[in-house]
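Here is what each chain is made of, one letter per residue.
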Amino acid sequence: MIKKGTKIVTPKGKLGILLPGMGAVASTFIAGVEAIRTKNLPAIGSLTQMGTVRLGKRTEKRTLLIKDFVSLASLEDIVFGGWDIHGESCYETAIRSGVLNSKHVEDLRPQLEAIKPWKAVFNRRYVKRLTGQHVKRTRNKRLLALEVMKDIEEFKKTQRLSRLVMIWCGSTETFLQPSEVHSTLAKFEAGLERNDPQISSSMIYTYAALSMGIPYANGAPNLSADIPAMLELARKKKVPICGKDFKTGQTLLKTIIAPGLKARLIGLSGWYSTNILGNRDGEVLDEPQSLKSKEETKLSVLDQILQPEMYPDLYRNYHHQVHINYYPPRGDNKEGWDNIDIFGWLGYPMQIKVNFLCRDSILAAPLCLDLALFLDLAKRAKMHGVQEWLSFYFKSPQCAQELYPENDIFIQLTKLKNTLRHLKGEKMITHLGMEYYA
Ligand SMILES: NC(=O)c1ccc[n+]([C@@H]2O[C@H](COP(=O)([O-])OP(=O)(O)OC[C@H]3O[C@@H](n4cnc5c(N)ncnc54)[C@H](O)[C@@H]3O)[C@@H](O)[C@H]2O)c1
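Residues numbered from 1 in each chain as written. Predicted model: local features only at pLDDT ≥ 70, side-chain atom pairs only at ≥ 80, totals over all residues. Heavy atoms only, no water.

1. Details of the overall build of the protein chain
Which entries qualify depends on this criterion: Numbered from the N terminus, helices here are DSSP runs of H or I no shorter than four residues, and strands are runs of E no shorter than two. The atom set for the radius of gyration is the C-alpha atoms, and the globule formula is 2.2 Å times the number of residues raised to the power 0.38. Exposure classes here rest on a 1.4 Å probe applied to the protein chains alone. A residue is buried below 20% of its type maximum, exposed above 50%, and partly exposed in between. Contact criterion: two residues are considered in contact whenever any of their non-hydrogen atoms come within 4.5 Å of each other.
Looking only at helices and strands, the protein chain features 16 helices and 13 strands. Expected size for 438 residues packed as a compact globule is a radius of gyration near 22 Å; at 22 Å, the protein chain falls within 12% of this value. Projecting the C-alpha coordinates of the protein chain onto the three principal axes gives extents of approximately 65 × 50 × 50 Å. Here the protein chain holds 438 residues, and 56% of them are scored as buried. For the protein chain, contacts bridging at least 24 residues in sequence account for 75% of all contacts bridging at least 6.

2. A few points about unusual backbone geometry
Residue K244 is bonded to the preceding G243 through a cis peptide linkage, with omega at -10°. Of note, K244 is situated in the loop between β8 (240-243) and α11 (249-263). Of note in this structure, K238 is not a glycine but carries a positive phi near 60°. Relative to the helices and strands, K238 is located in the loop between α10 (228-237) and β8. With a phi angle near 50°, Q307 is a residue other than glycine that sits in the positive phi range. Here Q307 is to be found in the loop between α13 (288-306) and α14 (312-315). For Q307, a relative accessible area of 13% corresponds to the buried category.

3. Section: the packing of aromatic side chains
Where we set the bar: Paired rings are identified among Phe, Tyr and Trp, the last through its six-membered ring, by centres lying within 6.5 Å, and are further divided according to the angle between planes into stacked (under 30 degrees), edge-to-face (over 60) and tilted (the rest).
This structure, assessed with the given rule, holds nine aromatic pairs. Seen in terms of ring centroids, W83 and Y205 are 5.2 Å apart; in terms of plane orientation they differ by 65°. Their pairing is edge-to-face. Residue W83 is found in strand β4 (residues 78-84), and its partner Y205 is found in helix α9 (residues 201-211); the two are separated by 122 residues along the sequence. By relative accessible area, which is 2% here, Y205 ends up buried. When the centroid spacing of 6.1 Å and the interplanar angle of 70° are considered together, the rings of Y311 and Y315 count as edge-to-face. For Y311, a relative accessible area of 27% puts it in the partly exposed group.

4. Digging into the site of the ligand
As a reminder of what qualifies: We call a residue near a molecule or strand when any one of its heavy atoms sits within 4 Å of it. For the purposes of these results, a polar contact is taken to be a pair of N or O atoms within 3.5 Å, where, inside protein, one atom must be able to donate a hydrogen and its partner to accept one; residues adjacent in sequence count only when each atom of the pair is a side-chain atom. With residues, only the protein chains shown are counted as cover, and all accessible areas are computed by Shrake-Rupley using a 1.4 Å probe. Lys, Arg, Asp and Glu make up the charged group, whereas Ala, Val, Leu, Ile, Met, Phe, Trp, Tyr, Cys and Pro make up the nonpolar group; the residues left over, Gly among them, are polar.
Residues in close proximity to the ligand total 32 residues, the closest being V25, D84, V121, G170 and T248. Note that an oxygen atom of the ligand is positioned 3.3 Å from one of the side-chain N or O atoms of R280. For the ligand, whose accessible area on its own is 840 Å², the fraction buried by protein is 99%. At the level of elements, α1 (24-39), β4, α9, α12 (280-285) and α15 (360-380) are the ones that each hand at least two residues to the shell around the ligand. Of the residues belonging to the shell around the ligand, the class tally is 15 nonpolar, ten polar and seven charged.

5. Quick word on the environment of A209
Here A209 shows up in helix α9. The spatial distance from the C-alpha of A209 to the C-alpha of A145 is 9.1 Å, given a sequence separation of 64 residues. In this view, A209 contacts M166 and I214; residues no more than four positions away in its chain are not counted.

6. With respect to α1
Selection criterion: One less than the number of residues in a helix, times 1.5 Å, gives the span that helix is expected to have.
The first and last C-alpha atoms of α1 sit 22 Å apart over 16 residues, in line with the 22 Å expected at 1.5 Å per residue. Among the residues making up α1, those that are buried are A26, S27, T28, F29, I30, A31, V33, E34, A35, I36 and R37. Where α1 is buried, its residues meet β1 (14-20), β4, α4 (90-97), α6 (109-113) and α15. Looking one or two residues past α1, N40 carries a phi angle of roughly 55°, positive in sign.

7. Points about the pattern of salt bridges
As a reminder, the rule being used: We define a salt bridge as a contact between a side-chain nitrogen of Lys or Arg and a carboxyl oxygen of Asp or Glu at a distance within 4 Å.
Enumeration over the complete set of coordinates arrives at 20 salt bridges. A salt bridge links D107 to K39; its shortest N-O distance comes to 3.6 Å. Of this pair, D107 sits in helix α5 (residues 102-107) while K39 is found in helix α1, placing the two residues 68 residues apart along the sequence. Note that E388 and K415 form a salt bridge whose closest N and O atoms lie 2.5 Å from each other. Here the residue E388 occupies a position in the loop between β13 (385-386) and α16 (409-423), and K415 occupies one in helix α16, the gap between them amounting to 27 residues. With a relative accessible area of 23%, E388 lands in the partly exposed category. By relative accessible area, K415 is classed as partly exposed at 25%. Look at the salt bridges and you will find they share partners, linking K39, K103 and D107 into a network.

8. Looking at the sheet that holds strand β11 (residues 335-343)
Note the threshold: Between any two strands, at least two bridges found by DSSP are needed for them to pair. Lines fitted to C-alpha atoms define the axes here, with helix axes fitted over just the stretch in contact, and angles between the N-to-C directions of these axes take values from 0 to 180 degrees.
With respect to topology, four strands assemble into an open sheet ordered β10-β9-β11-β12, the strand pairing being mixed. Of all strands in the sheet, those bounded by a partner on one side alone are β10 (319-326) and β12 (349-357). Between one strand axis and the next, the sheet turns through 10° on average, direction left out of account. The pairing of strand β9 (residues 267-277) with β10 spans eight bridges and is classified as parallel. When the sheet's bridge partners are listed, W271 is paired in β10 with H320. Here α11 sits on the sheet and contacts β9, β10, β11 and β12; the angle it forms with β9, its principal contact strand, is near 165°. Together, β9 and β10 form the strand contacts of α13, whose direction differs from that of β10 by roughly 150°.

9. Concerning the sheet that holds β4
The strand order across the open sheet formed by seven strands is β5-β4-β1-β6-β7-β8-β13, and the pairing between neighbours is parallel. The two strands at the open ends of the sheet, each matched to only one other strand, are β5 (118-119) and β13. Note: β1 against strand β6 (residues 161-168), five bridges, orientation parallel. Each bridged residue has a counterpart across the sheet, and for L18 the counterpart in β6 is M166. Where α1 meets the sheet, it contacts β1 and β4, and its direction lies at approximately 160° from that of β4. The strands touched by α9 are β1, β4, β6, β7 (216-218) and β8; relative to β6, the strand with the most contacts, the crossing angle is about 155°.

Written out as structure tokens, the structure is:
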């Protein structure tokens, strides 16, 4: 465990943010950071930029901006690089994705045009709905990992970067279960050599990043850093990792509402969720195996929050369904409906209906920024392995094998802020409050 008040290396020089998958989320993230730094806009949705942390007692009135409390990389020092199976520049992707309006994108055209993805490690076996020509032709998976490392080395050198982090923003890959080849680093490396089909493209990027000591976050639901081989590599190279699947949209609301119902001991007989979305992510999720990866992360959340085994009268046998429908006219502006059947005193039934008209990538972009800056902080504070304090950002938070993940967003936020307090040698906030009345 990291010591209270540990020494954190000051962030000097530039931070490279590596993005495998430069689609709607990545281009909205990049364009957003460019807009914020050139036009001095508020970074709405970003805890690292706008969030605060209270220190000490409420009477002390010491509440600081998180970015003034811990040393984070400045937005001015961020440089973007990444890979995609389409060779279009970030400007072209931003226009095609249709998340930001053309005025926003045109204003940033020179910066966005300058960002062009490198050729991707890609195999249709893992994302069946996509085809692309901008891919590496090498067939051997170990050599592909070396090519990714070479791209990173080159980027580091030409941009004169002092540090790097990687965030997987690529399409959701097909559902894979942890298997023998994932069980140790040695078996994984042997699997790379013989092109084991259980090693997906995202795992090759993960392996490359961790081998180079680069912190890694997985924004998608597929298996990548959450296998024993990658945990071993992260430990060996002393690299922080976290994942998986950005918590935005419907699941964000679910993890806000469910803890509230549980706090009041209100019962649940069913939660029916459906989504329509029409972006490329939706198209990829229209394929059953990619959808299965997503459904797994979306479905597990409620059980972990409600703990039916501890509250059988309230949460035993509730029906939970999640449906995702690809509906092109909707583009990135997803619509999610939730019908929540609840019951109260003496079992009287009630209903909650939620219709969330959200913008997927607008909700995901600030998460990318926070994850990049916090992972960089973790590395400088010598934290390594799974970063449970970053659960706040994920639908299916990675945690130690013997634990259940913490999905309650309010506990996640407390955990995150207490971690920052701990790092800086400040007292934890327990919210006990009796000291004010002694
Ligand atoms: N937007 C959200 O709110 C949200 C929330 C949770 C998770 N996610 C996940 O984040 C990821 C990105 O979402 P998006 O909306 O930007 O999707 P997108 O389809 O617009 O972008 C994904 C990009 O990844 C590229 N890609 C696929 N395989 C690749 C590979 N092997 N190497 C390099 N590039 C590859 C695709 O060509 C595409 O450009 C998806 O997996 C999605 O499920 C998004």
